[in-house]
Amino acid sequence: MSYSVKFTLNHEQDTQHFAQVLSKQVHSGIIYLIGDLGAGKTTFTRYFLQSLGHQGSVKSPTYTLVEPYTIQGKEIFHFDLYRLDDPYELELMGIRDYLDTPDGLFLFEWPSKGGDEIPQPDVVIDIQKSDDELIRLVTLTVNSELLAQTLQEQLNGA
């Protein structure tokens with residue numbers, strides 16, 4: 001069963017706060033990042049990785065498909081599947097090797113392009129642009145009722 005939390009990001013500081021809150025609750029598993037170009041998926045990822053302790057830049061892996069990070073001994077992989085033509089390309093690039101990482105954390109932008117080559121998510125972050133172009137409407141879906149309640153409480157001011 002899945003549980004959803006809906007909230008609005010009125011400015012970039014809200015995105016940073018959201019990333020900080022989620023980084024305290026989610027340490028491994030599969031995160032899907034859904035949204036149109038420019039919705040803020042990579043911005044969220046940058047703040048999320050920084051909240052986990054990453055020092056340095058976070059770039060979109062649009063051309064490389066994946067950017068690996070080791071943060072405080074934790075393996076994290078940021079995938080951007082936007083330019084993927086066929087999900088089988090993931091098999092050719094060795095996605096199984098990445099996914100076999102024990103206790104890894106995997107963030108997938110454009111997961112719909114991964115087909116059956118990527119696992120089902122533990123967390124789905126759907127970021128949509130509003131009519132106001134600056135405001136983002138977020139639906140966060142998780143598999144745990146307790147996690148959903150915790151996030152609802154912590155993001156209430158976001």
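The structure under discussion appears in the preceding block.
Presented here is a report on the structure given in the accompanying data block. (Residues numbered from 1 in each chain as written. Predicted model: local features only at pLDDT ≥ 70, side-chain atom pairs only at ≥ 80, totals over all residues. Heavy atoms only, no water.)

**Quick notes on the overall build of the protein chain**
Thought 1: Within the protein chain, the regular secondary structure consists of 5 helices and 7 strands.
Thought 2: When its helices and strands are written in sequence order, the protein chain yields β-α-β-α-β-β-α-α-β-β-β-α.
Thought 3: Compactness check: the protein chain gives a C-alpha radius of gyration of 15 Å against a globular reference of 15 Å for 158 residues, within 12% of the reference.
Thought 4: Along the first, second and third principal axes, the C-alpha set of the protein chain runs to 45 × 35 × 35 Å.
Thought 5: Contacts in the protein chain between residues far apart in sequence, at least 24 positions, make up 65% of those at least 6 positions apart.
Thought 6: If you sum the accessible surface of the protein chain, you get close to 8,200 Å²; carbon and sulfur atoms cover 46% of it.
Thought 7: Measuring between centres, the 11 positive side-chain charges of the protein chain sit 5 Å from its 23 negative side-chain charges. (Helix = DSSP H or I, 4+ residues; strand = E, 2+ residues; numbered from the N terminus. Rg over C-alpha atoms; globule rule 2.2 N^0.38 Å. Contact = heavy atoms within 4.5 Å. Areas by Shrake-Rupley, 256 points an atom, 1.4 Å probe, with all protein chains shown as cover. Lys, Arg positive; Asp, Glu negative; His and termini not counted. Charge placed at Lys NZ, Arg CZ, Asp CG, Glu CD.)

**Considering helix 2 (residues 41–52)**
Thought 1: Its 12 residues give helix 2 an end-to-end C-alpha distance of 17 Å, which sits within 8% of 16 Å, the value for a rise of 1.5 Å per residue.
Thought 2: Taken as a whole, helix 2 has its buried residues at Lys-41, Phe-44, Thr-45, Tyr-47, Phe-48, Leu-49 and Leu-52.
Thought 3: Residues of helix 2 that are buried sit in contact with helix 1 (12–25), strand 2 (29–34), strand 3 (66–71), strand 4 (74–80), strand 5 (105–109) and strand 6 (123–129).
Thought 4: Count one or two residues on from helix 2 and you reach Gly-53, which has phi positive near 115 degrees. (Expected span 1.5 Å × (residues − 1). Buried < 20%, exposed > 50% of the residue type's maximum accessible area, 1.4 Å probe, protein only.)

**A word on the pattern of salt bridges**
Opposite charge on two side chains permits pairing when their charged atoms draw close.
Thought 1: Considering all chains together, one arrives at 5 salt bridges under this definition.
Thought 2: Salt-bridge contacts for Glu-12 lead to Arg-46; the nearest nitrogen and oxygen are separated by 3.2 Å. One end of the pair, Glu-12, is in helix 1; the other, Arg-46, is in helix 2, and 34 residues separate them in sequence.
Thought 3: Looking at Glu-12, the relative accessible area reads 41%, which means it is partly exposed.
Thought 4: Residue Arg-46 is classed as partly exposed on the basis of its relative accessible area of 25%.
Thought 5: In this structure, Lys-59 engages Glu-67 in a salt bridge whose closest nitrogen and oxygen atoms are separated by 3.9 Å.
Thought 6: One salt-bridge network, in which partners are shared between bridges, spans Glu-91, Arg-96 and Glu-117. (Salt bridge = Lys/Arg side-chain N within 4 Å of Asp/Glu carboxyl O.)

**Brief notes about the pairing of strand 6**
Thought 1: Bridge analysis of strand 2 against strand 6 gives 4 bridges, and the strand direction is parallel. From the neighbouring strand, Tyr-32 faces strand 6, where its bridge partner is Val-124.
Thought 2: Of the strand pairs in this sheet, strand 6 and strand 7 (residues 136–142) are connected by 7 bridges, and their pairing is antiparallel. When the bridges of strand 7 are listed, Lys-129 appears paired with Arg-136.
Thought 3: Hairpin remark: strand 6 followed by strand 7, antiparallel, with 6 residues in the connecting loop; positive phi at Glu-133, about 60 degrees. (Pairing = 2+ DSSP bridges.)

**Brief notes about the side chain of Thr-15**
Thought 1: Looking at the element boundaries, Thr-15 is found in helix 1.
Thought 2: Looking at Thr-15, the relative accessible area reads 11%, which means it is buried.
Thought 3: The contact partners of Thr-15, leaving out residues within four places of it in the chain, are Leu-9, Thr-43, Phe-44 and Tyr-47.

**A word on unusual backbone geometry**
Peptide bonds are mostly trans, and most non-glycine residues show a negative phi.
Thought 1: One non-glycine residue, Gln-72, lies in positive phi territory at about 50 degrees.
Thought 2: Positionally, Gln-72 belongs in the loop between strand 3 and strand 4.
Thought 3: For Gln-72, a relative accessible area of 71% gives the class exposed.
Thought 4: Its identity as a non-glycine residue notwithstanding, Asp-103 has a phi of 60 degrees, on the positive side.

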